[in-house]
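Chain and residue survey
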Amino acid sequence: MEQFLAVWVDALALEQPDGSTLRDTLVLLDALDALCPFTEAVRLGLFVLPLRGPSRFFGGDAAVLDMVRQCVLDVVGVAPKLGVAEGLFCAELAAQREVIVPRGASDAFRRAQPLEVLGRKDLTTTCSRLGLHTVGAFADLASARVGERFNKHALTLHRVACGELTELEGQRDPRLARRLAQLRGEEEFFDEQQGFFGQRGAGDDRAEAAAHRVRRRLGADAIAVASLHGGRGPEDQGTLVPWGSPQAQARDLAPWPGRLAAPSPATTLAHPAPVQLRDAANRPVVMDARGTLSAEPAAVLFSSPLRREVVWYAGPWPLVERWWTRRRRRAHLQLVLATGEALLMVAESSRWWLVGIYD
Amino acid sequence: MGLGGLSLALSLVSEASAQGHWAAVVGVDDPGVVAMVELGVDLRRVLFVPRPRGAWAESAADLLDGVDLVLVRPPSRAGLIAARRLMDRVRERGTVLIALSEPRAPWPLPADLFFRVTQAEWVASSKLDARYLTVHVSGRGEAQRGSEHVVVVPNRRGRAEAN
């Protein structure tokens, strides 16, 4: 799961009646976003950003933390609390406690927390009578038992405790993105971008009600909307973002220029699968620094037993990467298999990834 | 992996979408949203439940109450009871349900229309341009006899088009 850097700025957590809190939030958000793209204001006082890209660019997590700390000091005048962990829920906790949770250790970190962090006094009280004091102890209850003993709300919290959901309900302020856009004077632009809050019809209300039902049934992350953004390949131009989240409200749906020409694959793998490409003599196909292939691809190997003959290919077309990965050289390649299936691959020197299926 | 069945289904979504209808896509875990745009789908009115896990039928039922078209890909073989309940809901609401299934796990009930991709052929220049899909259509009423059509996905307007 993705590691997030959470930035807690106490001075911005309580809204002042003069509007200064919101203005400062906007200034800080823009400053942080200039350093680390995809920074998000989750609610007043809390910002998060995906750590991996900036960490590569600035040469390590510690360097990013230093830059971010200095940035908050410069803009707001006070030092933030910083924390790193996987998922929004753990990342915020890490920031409150000012710890860097190592990759893969977020599960243990979450389980060790006192139950109060789930934010429900009634649950904490009932659980402590049962001798359950930590998130982990609560998570170990069978969900059927949770359903019997507690209310519906507790089932969602139980999924957060188990790590099935990565954020608490109410952790985000769904109106914040809109308010910030208003302040920027982008309200019109903002309205145009979204079906839900733009021109509303009866159909929009019905769809929203249905979306709420699904979210109650499956949890906060289960229902999503599509978002388009920059990138040279269909696999990184379009993603799903949780419905109702700030990213969903600020999503851009304009087609992006300079992309791989249509048609794009109907399936784009969120997690590309490593594959091997072989030539007619069964040697690995390698792409050199100028983007030329060592030989024509003849077969693709998915996992050891699954091998498919390649009957046609096109490319490679070099990709222009995001700014922090500029040193990497990658390219797209299209394959048609003897079975009639067509695939989109990405090459990174001698390694190949399946990123899309034209199914 | 398939021969264009998902693309065909998404192009059916685009027709509804172009007319301002809401649609939902359930159980398609890695939808190619760029492909959907190219096929003419208006993403402002599409909801996704990519990983409904065990609750795909319940999610689809919830969504049939609120949107005009639901595209569902059951993660495993669809049960008879779940399928019947969904189709009853479709009749009740006057909505459309498109179920994507593999030959080894077919939809357990007869549908009004049943599309089967029997052949796929790519048109390619220096890259993949379009695909001719041979689609066998059968079903109830007039469609009972069954017929075969060749469609191009995507055509010049980006949609699927019968030839």
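Residues numbered from 1 in each chain as written. Chains lettered and ligands numbered in written order. Predicted model: local features only at pLDDT ≥ 70, side-chain atom pairs only at ≥ 80, totals over all residues. Heavy atoms only, no water.

Some remarks on the sheet that holds strand β2 (residues 40-43) of chain A
Residues and elements named next belong to chain A. Selection criterion: Whether two strands pair comes down to DSSP finding at least two bridges between them. Helix and strand assignments follow DSSP, with helices taken as H or I runs no shorter than four residues and strands as E runs no shorter than two, numbered in order from the N terminus. A fitted line through C-alpha atoms represents every axis, and for helices the fit uses only the stretch in contact; the resulting angles, taken between N-to-C directions, go from 0 to 180 degrees.
Strand order across the open sheet formed by four strands is β2-β3-β1-β4, with antiparallel pairing between neighbours. Pairing within the sheet leaves two strands with one partner each, and these edge strands are β2 and β4 (81-86). Adjacent strand axes in the sheet meet at a mean angle of 30° when their direction is disregarded. In this structure, strand β1 (residues 3-8) lies alongside strand β3 (residues 46-50), joined through five bridges in antiparallel fashion.

Remarks on the pattern of salt bridges
Applicable threshold: The working definition used for a salt bridge is a side-chain nitrogen of Lys or Arg within 4 Å of a carboxyl oxygen of Asp or Glu. Only protein chains enter the area calculation, which uses a 1.4 Å probe; residues under 20% of their type maximum are buried, those over 50% are exposed, and those in between are partly exposed.
Evaluated as defined, the whole model comprises 24 salt bridges over all chains. When the shortest N-O distance is used, the salt bridge between Asp140(A) and Arg111(A) registers 2.8 Å. Of this pair, Asp140(A) sits in the loop between α7 (135-139) and α8 (143-149) while Arg111(A) sits in helix α5 (residues 106-111), placing them 29 residues apart in sequence. Since its relative accessible area comes to 31%, Arg111(A) is described here as partly exposed. Each of the salt bridges in this network shares a partner with another, and the network as a whole consists of Arg213(A), Asp65(B), Arg89(B) and Arg93(B).

Some remarks on the interface of chain A and chain B
The condition that has to hold: Throughout, a contact is declared for two residues whenever any of their heavy atoms are within 4.5 Å. By buried area we mean how much accessible surface two parts lose on assembly, using a 1.4 Å probe and totalling the loss over both. Here a polar contact is taken to be a pair of N or O atoms separated by no more than 3.5 Å, where protein atoms must pair a possible hydrogen donor with a possible acceptor and residues adjacent in sequence count only if both atoms sit in side chains. Under this grouping Gly is polar, as are all residues other than the nonpolar Ala, Val, Leu, Ile, Met, Phe, Trp, Tyr, Cys and Pro and the charged Asp, Glu, Lys and Arg.
The partner chain B presents 45 residues to the 54 residues of chain A that form the contact. Where chain A abuts chain B, roughly 4,100 Å² becomes buried across the two surfaces, and 64% of that area is made up of carbon and sulfur atoms. At the boundary of chain A and chain B, one finds three salt bridges. Summed over the shared surface of chain A and chain B, the result is 14 residue pairs in polar contact (both at pLDDT 80 or more). Broken down by element, the side of chain A that touches chain B gets its largest block of residues, ten residues, from helix α12 (residues 202-218) of chain A. Looking at the side of chain A that touches chain B residue by residue, the class counts come to 32 nonpolar, twelve polar and ten charged.

Examining unusual backbone geometry
Omega for the bond connecting Gly315(A) with Pro316(A) falls within 30 degrees of zero, at -5°, which places this linkage in the cis form. A positive phi angle, close to 65°, is found at Asn282(A), a residue other than glycine. Structurally, the position occupied by Asn282(A) is in the loop between β7 (267-278) and β8 (299-301). One non-glycine residue, Arg53(B), lies in the positive phi region at around 50°. Structurally, Arg53(B) can be placed in the loop between β2 (46-49) and α3 (56-64).

Notes on the confidence of the model for chain A
All names here are of chain A. Put simply, the test is: By definition, pLDDT measures how confident the predictor is in each residue, and it falls between 0 and 100.
Taken over all residues, the pLDDT of chain A has a mean of 83, while the share at 70 or more is 86%. Counted against residues more than four places away or in other chains, residues 187-199, with its pLDDT under 50, gives 29 contacts. For residues 321-326, every residue scores under 50 in pLDDT, and the model assigns this stretch 14 contacts once sequence neighbours within four places are set aside.

A closer look at the nonpolar core
Where a protein is soluble and globular, its nonpolar side chains tend to be buried together. Under the convention used in this document: Residues enter a nonpolar core if they are buried and are Ala, Val, Leu, Ile, Met, Phe, Trp, Tyr or Cys, with the set joined through side-chain atoms within 4.5 Å.
Core analysis: the largest hydrophobic core is formed by 33 residues, its most contacted members being Leu47(B), Leu63(B), Val70(B) and Trp107(B). Counting only elements with at least two residues in this core, the list comes to α12 of chain A together with β1 (23-26), β2, α3, β3 (69-72) and α4 (80-93) of chain B. Per element, the largest residue contribution to this core is six residues, and it comes from α3(B). One finds Leu228(A), Ala9(B), Val34(B) and Leu69(B) within the second-largest nonpolar core, a separate group that totals 31 residues.

Comments concerning the environment of Ala207(A)
Mapping Ala207(A) onto the fold places it in helix α12. The exposure class assigned to Ala207(A) is buried, which follows from its relative accessible area of 0%. Dropping the residues within four chain positions of it, Ala207(A) is found in contact with Trp22(B), Leu47(B), Gly66(B) and Val67(B).

Some details on a nonpolar patch on the surface
All names here are of chain B. Going by this rule: Patches in this entry comprise residues that are over 30% relatively accessible and not in a salt bridge; like charges within 9 Å are linked, as are nonpolar side chains (Val, Leu, Ile, Met, Phe, Trp, Tyr) within 5 Å. Using the Shrake-Rupley algorithm and a 1.4 Å probe, accessible areas are obtained, with residue cover drawn only from the displayed protein chains.
A cluster of nonpolar side chains, namely Leu12, Leu113 and Phe115, defines an oily patch on the protein surface of about 240 Å² accessible area. Counting through the fold element by element, Leu12 comes out in helix α1 (residues 5-18). In this structure Leu12 comes out as partly exposed when scored by relative accessible area, which is 31%.

Looking at the confidence of the model for chain B
Residue and element names in this part refer to chain B. For chain B, mean pLDDT is 85; residues scoring 70 or higher make up 93% of the total. The element-level mean pLDDT for chain B is lowest in strand β8 (residues 161-162), coming to 52, with β1 highest at 96. Taken over the whole predicted complex, pTM reads 0.60, whereas the ipTM for its chain interfaces reads 0.89.

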